[in-house]
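Inside the fold
Chain by chain, the residues:
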Amino acid sequence: NAGVTQTPKFRILKIGQSMTLQCTQDMNHNYMYWYRQDPGMGLKLIYYSVGAGITDKGEVPNGYNVSRSTTEDFPLRLELAAPSQTSVYFCASSYSSDRGPWRNSPLHFGNGTRLTVT
Amino acid sequence: KNEVEQSPQNLTAQEGEFITINCSYSVGISALHWLQQHPGGGIVSLFMLSSGKKKHGRLIATINIQEKHSSLHITASHPRDSAVYICAVRWSLRNQFYFGTGTSLTVIP
């Protein structure tokens, strides 16, 4: 059981370049999230998805886009990279049940992507 | 104001000491999570709890829903416990999480 697989682990971009961070989970989780982690700050939500075909903005969505064409995949697209997007990015997933919170799963994280924009 | 506050921010302990990390939150929650992140590493879930107390090996997590407070205890600390411990809450109104800024723990042999 692979859990949440996130690629790449490291990437250096030049200002203005674009890239896609890949995220796949094999736990049939309905919820998927993208966070960024900056030094001294808590994880900040970029985008999230409650299921295939449904995405919504989080706290810091500017400069990013997502799609959720399948339950398993939730890629994060950076268009026109800027130095402010230098960060560590984490994909996460969880199962949330409408039958009660006791059926919810823990949050599972990918191993992170360290992105530097220069 | 952060929805989740952790204390202390940094903690250094001698091997064998009993350690407590505290978490306070301000929103209604369906669950609270304790996470562990090793330097340069990924984030793993240690506990998910909505009431009472849970224990896993030398780690114990407690929560007081009325006081909106949780604690993570580590008994007989070991250098391999050195990591950042993050408190996260699942907001009851929406299935989103709020995170504390983490407690950086260093256990000295």
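Cut-offs applied
- Residues numbered from 1 in each chain as written.
- Chains lettered and ligands numbered in written order.
- Predicted model: local features only at pLDDT ≥ 70, side-chain atom pairs only at ≥ 80, totals over all residues.
- Heavy atoms only, no water.
- Helix = DSSP H or I, 4+ residues; strand = E, 2+ residues; numbered from the N terminus.
- Rg over C-alpha atoms; globule rule 2.2 N^0.38 Å.
- Contact = heavy atoms within 4.5 Å.
- Buried area = accessible area lost by both parts, 1.4 Å probe.
- Salt bridge = Lys/Arg side-chain N within 4 Å of Asp/Glu carboxyl O.
- 1 Å grid on protein atoms, 1.4 Å probe; cavity = no way out; pocket = protein on both sides within 12 Å on 5 of 7 lines; lining within 4 Å.
- Points joined across faces, edges and corners; volume = space filled by probe spheres on them.
- Nonpolar A, V, L, I, M, F, W, Y, C, P; charged D, E, K, R; others polar.
- Pairing = 2+ DSSP bridges.
- Axes fitted to C-alpha atoms, helices over the stretch in contact; angles between N-to-C directions.
- Disulfide = S-S within 2.5 Å.
- Buried < 20%, exposed > 50% of the residue type's maximum accessible area, 1.4 Å probe, protein only.

A closer look at the overall build of chain B
Looking only at helices and strands, one finds zero helices and eleven strands in chain B. Each helix (α) and strand (β) of chain B, taken in turn from the N terminus, gives the series β-β-β-β-β-β-β-β-β-β-β. The C-alpha atoms of chain B give 13 Å as radius of gyration, which agrees with the globular expectation for 109 residues (13 Å, within 12%). Seen through its principal axes, chain B has C-alpha atoms that stretch 45 × 30 × 20 Å.

Some words on the interface of chain B and chain A
Between chain B and chain A, the residue contacts involve 18 residues of the former and 23 residues of the latter. The contact between chain B and chain A buries some 1600 Å² in all, and 57% of this surface belongs to carbon and sulfur atoms. Of all residues in chain B, the largest losses of buried area upon contact with chain A belong to Ile43, Asn95 and Phe99 of chain B, amounting jointly to 32% of the total for that side. Linking chain B to chain A there are zero salt bridges.

Observations concerning the layout of surface pockets
Estimates place the volume of the largest pocket at around 650 Å³. Around the largest pocket sit 34 residues that line it, and Gln37, Val88, Phe90 and Arg114 of chain A together with Gln37 of chain B are the ones nearest its centre. The set of elements that each furnish at least two residues to the lining of the largest pocket consists of strand E9 (87-94) and strand E11 (113-117) of chain A together with strand E9 (83-91) and strand E11 (103-108) of chain B. The element that contributes the greatest number of residues to the lining of the largest pocket is E11 of chain A, accounting for four residues. When its residues are assigned to classes, the lining of the largest pocket shows ten nonpolar, 21 polar and three charged. Lining the second largest pocket are 14 residues, and of these Lys44 and Glu59 of chain A together with Asn2, Glu3 and Phe99 of chain B sit closest to its centre. Breaking the lining of the second largest pocket down by element, the ones donating at least two residues are strand E5 (44-51) of chain A together with strand E10 (97-99) of chain B. No other element matches the three residues that E10 of chain B contributes to the lining of the second largest pocket.

Here's the deal with the sheet that holds strand E3 (residues 19-25) of chain B
Residues and elements named next belong to chain B. Read across the open sheet, the five strands follow the order E1-E3-E8-E7-E6; overall the sheet is antiparallel. With partners counted over all chains shown, the strands left at the sheet margins are strand E1 (4-7) and strand E6 (52-56), one partner each. Within this sheet the neighbouring strands show an average axis-to-axis angle of 15 degrees, counted without direction. By the bridge criterion, six bridges tie E3 to strand E8 (residues 69-74) in an arrangement that is antiparallel. The partner of Cys23 across the bridge, within E8, is Ser70.

Things to note about the state of the cysteines
Disulfide: a covalent bond connecting the sulfur atoms of a pair of cysteines. Summed over all chains, the structure comprises two disulfides over all chains. Disulfide pairing places Cys23 of chain A opposite Cys91 of chain A at an S-S distance of 1.8 Å. Between Cys23 of chain A and Cys91 of chain A the sulfur-sulfur dihedral comes to about -70 degrees; the bridge is accordingly left-handed. Here Cys91 of chain A lies in strand E9 and Cys23 of chain A lies in strand E3 (residues 19-25), a separation of 68 residues in the sequence. No difference in accessibility class separates Cys23 of chain A from Cys91 of chain A, as the two residues are buried. Disulfide pairing places Cys23 of chain B opposite Cys87 of chain B at an S-S distance of 2.0 Å. The S-S bond linking Cys23 of chain B to Cys87 of chain B shows a torsion near -65 degrees; that makes this disulfide left-handed. One end of the pair, Cys23 of chain B, is in strand E3; the other, Cys87 of chain B, is in strand E9, and 64 residues separate them in sequence.

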